[in-house]
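This is what each chain is made of:
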Amino acid sequence: MAQPNIVFCFADQMRAQATGYAGDPNAETPTLDSLAGESIHFTHAVAGHPVCCPYRASLMTGQYPLTHGVYINDVPLENKVLSLAQAFAQGGYDTAYIGKWHLYGSPDGGNGRRRAYIPRRFRQGFDYWRGFECNHDYMHSPYFADDDPLPRYWHGYDAVAQTEDACRYIQDHAGGEKPFLLMLSLGTPHDPYDCAPEAYLRRYRDRDIALRPNVPAERRDAATASLRGYYAHIAALDDCVAQILTTLDESGIAEETILIFTSDHGDMHESQGLITKHVPFDESIRVPFLLRFPEQLGRQARELPLLIDAPDIMPTLLSLCGLPVPQSVEGRDFSAAIRGEAAVDGEMSAFLQVPAPYWILRTQGIPEYRGVRTRQYTYARNIHGPWLLFDNEADPYQLRNLCGDPAHASLQRGLEEELQGWLRRLGDEFLPGRAYLQRDGLMHYREANVPWGVRETPWTIAKEGE
């Protein structure tokens with residue numbers, strides 16, 4: 001059997017709850033809903049470090065953030081280990097990357113290289129290149145083509161133009177001598193929420209939004225306003241996925257192509273009184289993850305409650321394609337469970353972490369933390385001690401913090417042991433964030449020095465000595 005192609009499409013800041021197939025009444029996602037009907041749905045996929053750059057670095061290396069070194073935004077990912085693209089290239093694949101990159105970093109500690117040309121040696125082995133470090137003006141979006149140092153601009157809304165480029169790549173490589181790995185990194189539904197085509201914005205303008213019950217009353221207007229634009233972006237992304245599906249069908253390679261749709265992390269949108277990401281609540285860490293591979297897995301919908309995280313993606317994809325997994329990889333290979341050759345471990349967990357608080361964590365007064373997410377529970381401790389414990393089946397909106405409750409002391413002890421196991425395996429000493437920043441020469445990063453607690457939330461924790 002020939003090696004499969006891979007089309008890996010990932011959004012930026014799309015939470016798992018924001019699709020029709022997940023039950024969100026606000027979401028207009030008919031294509032993703034249909035795709036879920038013929039895919040493996042990873043019902044418990046997570047972003048263990050729910051921030052852009054750490055996720056992407058873990059995706060490219062199969063390592064956890066304190067290993068690859070990108071645990072705050074805009075830290076460059078060094079070429080120290082065999083990357084995802086390099087491993088596939090060694091296995092005979094063509095490799096392509098289109099869209100937001102955000103791994104070149106800005107060593108100045110600000111955003112100095114966010115608009116810079118990215119030299120080939122910083123592209124982690126991707127050959128075909130239509131990438132840009134970071135841009136959030138989706139209607140005026142630059143990119144660099146291969147080795148041309150002059151920026152070009154996507155026509156119109158960048159997600160649509162990037163998808164069209166991805167479809168051309170699929171058409172050009174369908175039936176070729178070599179299989180391909182194509183990664184399509186779409187910048188939305190990340191804010192700004194008014195930066196979508198008018199046709200999509202119009203669908204949600206003045207529309208009533210069903211808010212999650214964990215949005216405080218005083219935050220409901222703000223949540224409604226941001227979510228209108230958020231769902232407009234998502235509706236546009238759904239149409240982009242439709243175009244990819246059509247192209248795979250028309251090119252005759254849908255059966256032998258692994259298609260994945262996921263996201264780098266979620267978005268709080270005022271749930272728990274919090275904004276954006278970084279935090280270990282489900283709106284932030286839970287992401288969509290659909291995998292379709294008709295040739296080997298058929299087109300029957302199947303749910304897998306695997307706690308798949310960014311470091312697990314590289315070894316799982318390599319194994320599905322019959323390629324060796326580099327020894328540098330720390331993530332778990334879930335290919336046997338995907339093929340139905342191994343049972344899902346009901347006791348497994350995912351590791352949650354933000355080793356150094358920066359930007360929105362600091363402004364909301366939330367310190368560094370470590371934690372675990374199991375199929376049923378979320379447990380986290382911050383640098384001061386145990387912090388969160390939720391029974392996510394009995395309390396899906398995480399409204400009752402059981403941490404420190406004597407009635408759940410045994411449960412908490414067990415989850416603490418699970419967390420300590422992760423820390424031992426990863427060699428994570430859980431030091432204060434400043435220790436890592438000082439060790440790695442990152443104390444000058446602007447986001448690591450913003451004021452503490454300027455936005456009061458129910459989770460603001462007083463910090464002494466900062």
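Right above here is the structure, for reference.
The structure displayed is predicted, hence computed values, not measured ones.

Describing the pattern of salt bridges
Overall, the coordinates contain 28 salt bridges when judged by the stated rule. A salt bridge links arginine 400 to aspartate 405; its shortest N-O distance comes to 3.4 Å. Where salt bridges share partners, they join Asp12, Arg56, Lys100 and Asp264 into one cluster.

Considering the environment of leucine 431
Inspection of the secondary structure assignment puts leucine 431 in the loop between helix H13 (409-426) and helix H14 (433-439). Overall, the relative accessible area of 29% leaves leucine 431 in the partly exposed class. Contacts of leucine 431, omitting those with residues within four sequence positions, involve Pro355, Arg370, Ile383 and Tyr436.

Quick look at the environment of glycine 331
Relative to the helices and strands, glycine 331 is located in the loop between helix H10 (310-320) and helix H11 (335-339). Given the relative accessible area of 16%, glycine 331 is considered buried. Separated by 18 residues in sequence, glycine 331 and isoleucine 313 place their C-alpha atoms 7.5 Å apart.

Quick word on the sheet that holds strand S14 (residues 385-391)
Within the open sheet, the 4 strands sit side by side as S11-S12-S13-S14. Their pairing is antiparallel. Edge positions in the sheet fall to strand S11 (349-354) and S14, since each of these pairs with one other strand and no more. For this sheet, the mean angle separating the axes of adjacent strands, direction not counted, is 15 degrees.

The rules behind each value
Residues numbered from 1 in each chain as written. Predicted model: local features only at pLDDT ≥ 70, side-chain atom pairs only at ≥ 80, totals over all residues. Heavy atoms only, no water. Salt bridge = Lys/Arg side-chain N within 4 Å of Asp/Glu carboxyl O. Helix = DSSP H or I, 4+ residues; strand = E, 2+ residues; numbered from the N terminus. Buried < 20%, exposed > 50% of the residue type's maximum accessible area, 1.4 Å probe, protein only. Contact = heavy atoms within 4.5 Å. Pairing = 2+ DSSP bridges. Axes fitted to C-alpha atoms, helices over the stretch in contact; angles between N-to-C directions.

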